[in-house]
Amino acid sequence: MAKDSDNKNYKIIAENRRARFDYAIEEDLEVGIILQGSEVKSLRQGSANIAESYAAVENGELWLVNCYIAPYVQAKTWGHEERRRRKMLASKRQLSRMWNATQRQGMTLVPIVMYFNDKGLVKLKLGIAKGKKLADKRETSAERDWNRQKQRLLKQN
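Residues numbered from 1 in each chain as written. Predicted model: local features only at pLDDT ≥ 70, side-chain atom pairs only at ≥ 80, totals over all residues. Heavy atoms only, no water.

**A few points about the pattern of salt bridges**
Then, number 1: Under the counting rule described, the total for this entry stands at ten salt bridges.
Then, number 2: Close ionic contact of R84 with E39 constitutes a salt bridge, the shortest N to O distance being 2.8 Å. Here R84 is found in the loop between β6 (68–69) and β7 (86–89), whereas its partner E39 is found in helix α2 (residues 37–44), with 45 residues between them in sequence.
Then, number 3: When its relative accessible area of 0% is taken as the criterion, E39 is described as buried.
Then, number 4: A salt bridge links E58 to R85; the shortest N-O distance between them is 2.7 Å. Highlighted residues: E58 in strand β4 (residues 54–58) and R85 in the loop between β6 and β7, separated in sequence by 27 residues.
Then, number 5: On the accessibility criterion, E58 (33% relative accessible area) is partly exposed.
Then, number 6: Salt bridges sharing common partners tie together R18, D22 and K137. (Salt bridge = Lys/Arg side-chain N within 4 Å of Asp/Glu carboxyl O. Helix = DSSP H or I, 4+ residues; strand = E, 2+ residues; numbered from the N terminus. Buried < 20%, exposed > 50% of the residue type's maximum accessible area, 1.4 Å probe, protein only.)

Structure below.
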């Protein structure tokens with residue numbers, strides 16, 4: 001999912017920067033998402049938020065819950081609900097792996113990035129993650145600060 005400078009269609013719509021702080025992400029997967037026309041037009045304007053959302057496997061289907069996509073002003077009558085549950089598209093193998101991780105291993109499915117891929121389709125990068133304790137968050141923060149300080153010292157010399 002590396003950004004290509006020559007790729008004109010690739011564009012990040014929304015990013016959950018807090019996810020890497022709150023969760024230890026074990027694995028990430030790229031999944032598709034089923035959207036209405038007004039939702040896609042709203043996403044093209046860049047108005048979405050996935051910070052408070054999560055994914056769930058229910059009855060063999062993958063759902064994105066509590067994702068905010070702003071209403072599209074020009075779609076007055078045929079607009080969409082901002083926080084409706086949206087179905088995501090994944091292979092059966094990915095679905096079984098996600099169900100196994102959430103139900104048996106106590107993991108969480110966290111959306112990391114929503115973006116338009118090189119073909120112009122909306123994709124979502126999901127992370128299979130385990131929640132961090134307060135001590136783990138402090139350790140991560142201290143390590144990040146030390147790396148920053150180390151880079152400053154190396155830059156000065």
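There's more to say after this.
**Quick word on unusual backbone geometry**
Then, number 1: Located in the positive-phi region is N59, a residue other than glycine, with phi close to 55°.
Then, number 2: With respect to the helices, strands and loops of the structure, N59 is situated in the loop between β4 and β5 (61–65).
Then, number 3: Despite not being glycine, N66 shows a phi value in the positive range, around 65°.
Then, number 4: Within the secondary structure, N66 sits in the loop between β5 and β6.

**A closer look at the pairing of β5**
Then, number 1: For β5, the tally of buried residues reaches four of five residues, placing the bulk of the element in the interior.
Then, number 2: As paired strands, β4 and β5 are joined by five bridges and run antiparallel to one another. Counterpart to E58 in the pairing with β5 is E61. (Pairing = 2+ DSSP bridges.)

**Observations concerning the packing of aromatic side chains**
Then, number 1: Following the criterion strictly, the structure yields one aromatic pair and no others.
Then, number 2: Between Y10 and Y115, the aromatic rings sit 5.6 Å apart at their centres with planes inclined by 40°, giving tilted as the arrangement. Here the residue Y10 occupies a position in the segment before β1 (11–15), and Y115 occupies one in strand β8 (residues 108–116), the gap between them amounting to 105 residues.
Then, number 3: Classification of Y10 by relative accessible area gives buried; the value is 12%.
Then, number 4: The exposure class of Y115 is buried, given its relative accessible area of 2%.
Then, number 5: Over the ring of F116 we find R44, and its NZ or CZ is 4.1 Å from the ring centre.
Then, number 6: For the cation-ring pair, R85 lies above W63, with the distance from its terminal atom to the ring centre recorded as 5.0 Å. (Phe/Tyr/Trp six-rings, centres within 6.5 Å; stacked < 30°, edge-to-face > 60°. Lys NZ or Arg CZ within 6 Å of the ring centre and 35° of its normal.)

**Observations regarding helix α3 (residues 92–103)**
For an α-helix, 3.6 residues make a turn, and residues three or four places apart therefore share a direction.
Then, number 1: The end-to-end C-alpha distance of α3 is 16 Å, a good match for the 16 Å that twelve residues give at a rise of 1.5 Å each.
Then, number 2: Taken together, the buried positions of α3 are Q94, L95, M98, A101 and T102. Looking down the long axis of α3, one finds its buried residues gathered within 130° of arc, a one-sided arrangement. Facing away from the buried side of α3, by more than 90 degrees, are the exposed residues K92 and R93.
Then, number 3: Each element contacted by the buried residues of α3 is listed here: β2 (23–33), β4, β5, β8 and β9 (122–131). (Expected span 1.5 Å × (residues − 1). Arc of directions from axis to C-beta. Contact = heavy atoms within 4.5 Å.)

These figures come from the coordinates and say nothing about function on their own.
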